[in-house]
Amino acid sequence: MGREALPRLKSFAAEKHWSAEFRSAETSAEFAQVAREEAATGRARIFALGGDGTFQALLNAVAGNAGVSIGVLPAGGGNDLAAALGLPMDPVRAAEMILTRAQAVALDAARVRTADGTERLYMGGGGVGLDAEAARFASGVYRKLRGRSRYLLSAIRALGGFRGIGVSVSLEGAEQTFLQGMALVLGVLNTPSYGGGLRLAPKASLEDGRLDLVLLENLSAFEIAQILPRLAISGEIRTERIQRHCVTRARIETERPCAFHADGEIVGMTPVEVAVVPRAMRVWRVRPNLARPAGG
């Protein structure tokens, strides 16, 4: 998807006299290396042309470098972070908006540590359960699809061999300090949605110093069939069997080892600890009051 947009972006840059250098990479590891090299030369702004996973690679490559601001030009399957940043889903229109109406703002991130000690930052959403299993299909057989359909089809495919997960969660920064139950999905989000617009945490903010932990209880096939139409149309989940908690840290244990995904990328296995990292990185975003020019 990024390759398709690249010629248009180069034409846009030439037309607007935008002094931009374009570099490509075949893998996430190669992309991260390119980002580190550019940051080391003193590059002040680095943008990822891709989806949430590509941006995550950029974030981890340059995190802690106060001289760099980063951004995303959406060309992925889900683009939930771009939506949370106020950007249009077309990468050229996003570039134009960044040049004219955006600001580099220090935004929060989440840091996850998995059972084997792997640590990873992410800025969108992560979790265990059906969504983590669906992530395998979304990055596999359905990787060429875009938007919510990619993840809905992946989730339906994953349902075939999925059973609910017993979870135990220790919470910090919430009124409740412990949570236990059978989960279909247990998500920890920094943005209102993930999975191409699935709005698990509609009140989540990138600037409030908190994460939104969401427990969607294990549902029967009939209950899942009831929520699917609204989920497909608007991304909303309407059920009483969902809990939401604002947290600063959470430790998630599961009855059996389960994969944890961050922005659709499998990071490692449970148990995991997830904590907010306030003002982790300066990211280009459009604030609501800058979404339109004055008088527009």
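Computed from a predicted structure; not experimentally measured. (Residues numbered from 1 in each chain as written. Predicted model: local features only at pLDDT ≥ 70, side-chain atom pairs only at ≥ 80, totals over all residues. Heavy atoms only, no water.)

1. Considerations on the overall build of the protein chain
When helices and strands are tallied, the protein chain shows eight helices and 13 strands. Each of the 296 residues in the protein chain was classed as buried or not, and the buried ones make up 51%. Of the roughly 13,900 Å² of accessible surface on the protein chain, 49% is carried by carbon and sulfur atoms. (Helix = DSSP H or I, 4+ residues; strand = E, 2+ residues; numbered from the N terminus. Buried < 20%, exposed > 50% of the residue type's maximum accessible area, 1.4 Å probe, protein only. Areas by Shrake-Rupley, 256 points an atom, 1.4 Å probe, with all protein chains shown as cover.)

2. Digging into the packing of aromatic side chains
Tallied over the full model, the rule gives two aromatic pairs. Look at F12 and W18: their rings are 6.1 Å apart centre to centre, the planes differ by 75 degrees, and that puts the pair in the edge-to-face class. Residue classification places F12 among the buried positions, given a relative accessible area of 6%. Assessed through its relative accessible area of 18%, W18 is described here as buried. Seen in terms of ring centroids, Y122 and F260 are 6.3 Å apart; in terms of plane orientation they differ by 50 degrees. Their pairing is tilted. One end of the pair, Y122, is in strand β4 (residues 119–122); the other, F260, is in strand β11 (residues 259–262), with 138 residues separating them in the sequence. The pair formed by Y122 and F260 is uniform in burial state, with each residue classed as buried. (Phe/Tyr/Trp six-rings, centres within 6.5 Å; stacked < 30°, edge-to-face > 60°.)

3. Here's the deal with the side chain of T114
Relative to the elements of secondary structure, T114 occurs in the loop between β3 (103–113) and β4. Once you skip the residues sitting within four places of it in the chain, T114 turns out to touch V267, G268, M269, P271 and V272. (Contact = heavy atoms within 4.5 Å.)

4. Structural notes on helix α3 (residues 52–62)
Among the eleven residues in α3, nine count as buried, and that is most of the element. Of the positions making up α3, those classed as buried are D52, G53, F55, Q56, A57, L58, L59, A61 and V62. Once α3 finishes, G64 follows within two positions and takes phi at roughly 95 degrees, a positive value.

5. Side note on the environment of V188
With respect to the helices, strands and loops of the structure, V188 is situated in strand β7 (residues 178–189). For the pair V188 and A250, spaced 62 residues apart in the sequence, the C-alpha separation amounts to 8.7 Å. Not counting the four nearest positions on each side in its chain, V188 is found in contact with Y122, G124, G125, G126, L211, D212, L213, I252 and V274.

6. Looking at helix α2 (residues 28–40)
Helix length check: α2 (13 residues) gives 18 Å between terminal C-alpha atoms against 18 Å at 1.5 Å per residue, within 8%. Of the residues making up α2, those classed as buried are F31, A32, V34, A35, E38 and A39. Projected down its long axis, α2 carries its buried residues within an arc of 160 degrees, all on one side. Of the exposed residues in α2, those oriented more than 90 degrees away from the buried face are A29 and A40. (Expected span 1.5 Å × (residues − 1). Arc of directions from axis to C-beta.)

7. A short note on the side chain of D80
Tracing the backbone shows D80 in helix α4 (residues 80–84). Excluding its chain neighbours within four sequence positions, the residues that come into contact with D80 are D52, S193, Y194, G195, G196, G197 and L198.

8. Here's the deal with the pattern of salt bridges
Evaluated as defined, the whole model comprises 14 salt bridges. One salt bridge in this structure joins E172 and R249, with 3.8 Å as the shortest N-O distance. Here E172 is found in strand β6 (residues 165–172), whereas its partner R249 is found in strand β10 (residues 249–254), with 77 residues between them in sequence. Looking at E172, the relative accessible area reads 45%, which means it is partly exposed. (Salt bridge = Lys/Arg side-chain N within 4 Å of Asp/Glu carboxyl O.)

9. Concerning unusual backbone geometry
Note: most residues except glycine have negative phi, and most peptide bonds are trans. The omega torsion of the bond from T270 to P271 falls at 5 degrees, within 30 degrees of zero and hence cis. Examined against the element boundaries, P271 turns out to sit in the loop between β12 (265–269) and β13 (272–285). One non-glycine residue with positive phi stands out, namely H17, at about 55 degrees. Mapping H17 onto the fold places it in the loop between α1 (2–15) and α2. Although it is not a glycine, D263 adopts a positive phi angle of roughly 55 degrees. When you line up the elements, D263 lands in the loop between β11 and β12.

10. Describing the confidence of the model for the protein chain
On average, residues of the protein chain score 87 in pLDDT, and 85% of them are at 70 or above. Confidence drops under pLDDT 50 across residues 290–296; counting only partners more than four residues distant or on other chains, this segment forms seven contacts. (pLDDT = per-residue confidence, 0-100.)

11. Some details on the pairing of β4
As a general feature of sheets, a regular strand has side chains that alternate between the two faces. As defined by bridge partners, β3 adjoins β4 across four bridges and the pair is classed as antiparallel. Of the residues in β4, the one forming a bridge with R113 is E119. Linkage of β3 to β4, two consecutive antiparallel strands, is achieved through a turn of five residues, within which G117 is found at a positive phi near 90 degrees. (Pairing = 2+ DSSP bridges.)

12. As for the packing of α2 against α3
Packing of α2 against α3 leaves a shortest axis separation of 9 Å and a crossing angle of 45 degrees. Judged by the angle between their axes, α2 and α3 are oblique. Considering how the two elements wind past one another, α2 and α3 form a crossing that is right-handed. Between α2 and α3, the residues in contact are S28, F31, A32, A35, R36 and A39 and T54, A57, L58, A61 and V62, respectively. Taken together, the residues that form the contact of α2 with α3 break down as eight nonpolar, two polar and one charged. (Axes fitted to C-alpha atoms, helices over the stretch in contact; angles between N-to-C directions. Parallel < 35°, antiparallel > 145°, perpendicular 65-115°, else oblique. Left-handed = near helix turned anticlockwise from the far one by under 90°. Nonpolar A, V, L, I, M, F, W, Y, C, P; charged D, E, K, R; others polar.)

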